[in-house]
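As a plain string of letters, each chain reads:
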Amino acid sequence: MERPAIEGGSPVRATRLFYGHQYIDEADVKAVTQVLTSDYLTCGPKVTELEAKLCEITGAKYAVVCSNGTAALHIAALAAGVGEGDELITTPITFAASANCGLYCGAKPVFADIDPNTYNISPASVKAKITDKTKAVVAVDFTGQAVELDSLLEMCHEKGIVLIEDGAHSIGTKYNGQPVGSIADMTTFSFHPVKTVTGGEGGAVLTNSEELYKRLLLFRSHGITRDAELLENESHGGWYYEQIDLGYNYRMTDIQCALILSQLDKLKMFSDRRKQIVNRYNEAFSRIPELFVQQEIPQSDTTRHLYILRIRPEMLNIDRKGFFEALAAENICCNVHYIPVYWHPHYQRLGYQKGICPNAEKLYNEMMSLPLYYSMTDSDVEDVIKAVGKIVDYYKK
Ligand SMILES: *Cc1c(COP(=O)(O)O)cnc(C)c1O
């Protein structure tokens, strides 16, 4: 049996393999430099172009790009009318922003548990958490796999609740053959460098509702409008605008838009390679009984953003922390997505108790995210598989 590097053996690789990395090519560089010498650095034609492109890719009627995925969630919650005294249901296995958008609006985030096999929010748990105060559900396509949109939409619409799909992981994913972005009441994307498509920073909200679209535009830009239909007083002249609500400066620059447009030309390429790597990981890990492979619902054709390695600690003499450190010693850098949101001190101080979502907490204790990104080579992928196999072999009971 091979000795793991953490026990004094030699590592599977000599150089560190990161868990995520952006892929930028010459076309991306050219797209950005062209904007820099154009007339508009912000509020220019690239914004319109990107919004049109996102509509084309997803089939959504309207797109509003904004400064980042967190801003996208904030304006989506505002557009949904989330405010003081309301509740917003989300999953604990997500980046804090999915719940924070509720807090920004003065509402109370309520956590529904996950499905223990797919790791996405469980529709049954959402149903159990709905009250008269529930205004919105923020359902996260965790790792890129679409949430159970059919049942969530039905449940929400029956009660007048707005379904916001946090698609930060899922650009390129389809649900029942239809691209994510055109199905929920609103879908948000993130273009952070670790995500499938990047703008350095960036976000977007997609919707089919004209009413929501108009509200999103307002909240993105200070609550200010020049739209004659929305003005409350008579115009003073050509310069006239009014602030009719309290919004923010959540605009995206044309520089970011140009980069994202150029990256979107590679979406299929990114998506295909990610699927290939996921298939190879699944093939290797489904043969190892000490590991649990994330289950997919048949409706989701997934462009995977994250690959979750989940161990069965009862079959191993090593826990998640030990496994994570053993992989790092092999020069395979992992991450953990995510610490249950309500475990964070800020949420603890707001009165959330540990233990409210047992499936989420169990998952947290058993998982880590393996390297997954477009530019990984086949031999990088094999290194990861070899390192995982080596650690399981050494520590299995
Ligand atoms: C990345 C991410 C966000 C936030 O996006 P930013 O662009 O970093 O603000 C929100 N939700 C999820 C699930 C994410 O992964």
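About the thresholds
Residues numbered from 1 in each chain as written. Predicted model: local features only at pLDDT ≥ 70, side-chain atom pairs only at ≥ 80, totals over all residues. Heavy atoms only, no water. Helix = DSSP H or I, 4+ residues; strand = E, 2+ residues; numbered from the N terminus. Buried < 20%, exposed > 50% of the residue type's maximum accessible area, 1.4 Å probe, protein only. Contact = heavy atoms within 4.5 Å. Areas by Shrake-Rupley, 256 points an atom, 1.4 Å probe, with all protein chains shown as cover. Lys, Arg positive; Asp, Glu negative; His and termini not counted. Charge placed at Lys NZ, Arg CZ, Asp CG, Glu CD. Phe/Tyr/Trp six-rings, centres within 6.5 Å; stacked < 30°, edge-to-face > 60°. Lys NZ or Arg CZ within 6 Å of the ring centre and 35° of its normal. Pairing = 2+ DSSP bridges. Polar contact = N/O pair within 3.5 Å; in protein donor to acceptor, adjacent residues only side chain to side chain. Domains from an automatic or database assignment. Buried area = accessible area lost by both parts, 1.4 Å probe. Salt bridge = Lys/Arg side-chain N within 4 Å of Asp/Glu carboxyl O. Nonpolar A, V, L, I, M, F, W, Y, C, P; charged D, E, K, R; others polar. Right-handed = clockwise from strand over helix to strand, strands pointing away. Core = buried A, V, L, I, M, F, W, Y, C linked by side-chain atoms within 4.5 Å. Axes fitted to C-alpha atoms, helices over the stretch in contact; angles between N-to-C directions. Parallel < 35°, antiparallel > 145°, perpendicular 65-115°, else oblique. Left-handed = near helix turned anticlockwise from the far one by under 90°.

Undergrad: Can you help me understand the overall build of the protein in this one?
TA: Across its full length, the protein carries 13 helices and 15 strands. The principal-axis extents of the C-alpha atoms in the protein amount to approximately 80 × 50 × 40 Å. Considering the protein as a whole, with its 397 residues, one finds that 57% of them fall into the buried category. Long-range pairs, those at least 24 residues apart, make up 73% of the contacts in the protein with a sequence separation of at least 6. Here the protein has roughly 17000 Å² of accessible surface; of this, 50% comes from carbon and sulfur atoms. In the protein, which carries 39 positive and 50 negative side-chain charges, the distance between the mean positions of the two groups comes to 6 Å.

Undergrad: So what exactly am I meant to see when it comes to the packing of aromatic side chains here?
TA: Each aromatic ring pair is described using two quantities: the centre-to-centre distance and the angle formed by the ring planes. Summed over the entire model, instances satisfying the criterion amount to 16 aromatic pairs. Their ring planes at 55° and their centres at 6.1 Å tell us that phenylalanine 142 and tyrosine 338 sit as a pair that is tilted. Of this pair, phenylalanine 142 sits in the loop between β4 (134–140) and α6 (149–158) while tyrosine 338 is found in the loop between α10 (320–329) and α11 (345–349), placing the two residues 196 residues apart along the sequence. Feature note: the residues Phe111, Tyr342, Tyr347 and Tyr352 constitute an aromatic cluster, connected by ring pairs. Arginine 320 extends its terminal NZ or CZ atom over the ring of tyrosine 364, reaching a point 4.4 Å from the ring centre.

Undergrad: Please clarify how the sheet that holds strand β6 (residues 174–175) should be interpreted in this entry.
TA: Strand order across the open sheet formed by 3 strands is β7-β6-β13, with antiparallel pairing between neighbours. Strands with a single pairing partner mark the edges of an open sheet, and in this sheet they are β7 (178–179) and β13 (300–301). One ladder, built from 2 bridges, connects β6 with β7; its direction is antiparallel. From the neighbouring strand, tyrosine 175 faces β7, where its bridge partner is glutamine 178.

Undergrad: Which parts of the structure should I look at to understand the environment of glutamate 330?
TA: Tracing the backbone shows glutamate 330 in the loop between α10 and α11. The class of glutamate 330 is buried, set by a relative accessible area of 0%. Spatially, the C-alpha atom of glutamate 330 lies 48 Å from that of serine 221, the residues being 109 residues apart in sequence. Contact partners of glutamate 330, with chain neighbours within four places excluded, come to Pro4, Ala5, Ser10, Pro11, Val12, Arg13, Ala387, Lys390 and Ile391. Within the structure, the side chain of glutamate 330 is placed 2.9 Å from the backbone nitrogen of valine 12, a separation counted as a polar contact. Here lysine 390 takes part through its side chain, which lies 2.9 Å from a polar atom of the side chain of glutamate 330.

Undergrad: Explain the domain arrangement of the protein here, please?
TA: How big an interface is tends to be stated in terms of the accessible area lost upon association of its parts. Along its sequence, the protein is organised into domain 1 (5–19 + 267–395) and domain 2 (26–264). Taking only C-alpha atoms, the centre of domain 1 and the centre of domain 2 are 28 Å apart. Contacts between the two partners involve 37 residues from domain 1 and, on the opposite side, 41 residues from domain 2. Between domain 1 and domain 2 the total buried area reaches about 3400 Å² when both faces are included, carbon and sulfur atoms providing 62% of it. At the surface where domain 1 touches domain 2, the tally comes to 0 salt bridges. On inspection of domain 1 and its partner domain 2, the count reaches 23 residue pairs in polar contact (both at pLDDT 80 or more). With 4 residues, the single largest contributor to the side of domain 1 that touches domain 2 is helix α12 (residues 358–366). Grouping the constituent residues of the side of domain 1 that touches domain 2 by class yields 22 nonpolar, 10 polar and 5 charged.

Undergrad: So what exactly am I meant to see when it comes to the pairing of strand β5 (residues 162–166) here?
TA: The two faces of a sheet get side chains in turn, since along a regular strand they alternate between them. With 5 of its 5 residues buried, β5 lies for the most part within the structure. Side-chain alternation along β5 places Val162, Ile164 and Asp166 on one buried face and Leu163 and Glu165 on a second face that is also buried. Pairing geometry for β4 and β5, over 5 bridges, is parallel. Along β5, the bridge assignment pairs alanine 136 with valine 162. A crossover links β4 with its parallel partner β5, the connecting element being α6, and its sense is right-handed. Relative to strand β8 (residues 186–190), β5 runs parallel, the two sharing 3 bridges. Across the sheet, isoleucine 164 pairs through a bridge with methionine 186, a residue of β8.

Undergrad: Can you walk me through the nonpolar core in this structure?
TA: Counting 42 residues, the largest nonpolar core has Leu50, Leu54, Val126, Leu163 and Phe191 as the members making the most contacts within it. Of all the elements in the fold, those that place two or more residues in this core are α2 (45–58), β1 (62–66), β4, α6, β9 (203–207), α8 (254–264) and α9 (267–285). Among the elements that take part in this core, α6 stands out by supplying 5 residues, more than any other. Residue-level mapping places this core at the junction of two domains, with at least three residues from each of domain 1 (5–19 + 267–395) and domain 2 (26–264). Non-local contacts of leucine 50, meaning those with residues more than four positions away in its chain, are made with Val65, Met252, Cys257, Ile260, Leu261 and Leu264.

Undergrad: It is not clear to me how the packing of helix α3 (residues 69–79) against helix α7 (residues 210–220) should be interpreted in this structure. Could you clarify?
TA: How two helices sit against one another is set out by the angle between their axes and by the gap between those axes. The geometry of α3 relative to α7 is characterised by a closest axis approach of 9 Å and an angle of 125° between their N-to-C directions. Considering their axes alone, α3 and α7 lie oblique with respect to each other. Crossing of α3 over α7 shows right-handed handedness. Note on element contacts: α7 touches α3 through Leu212, Arg215, Leu216, Phe219 and Arg220, opposite Ile75, Ala76, Leu78 and Ala79. Among the residues forming the contact of α3 with α7, the class breakdown is 7 nonpolar, no polar and 2 charged.

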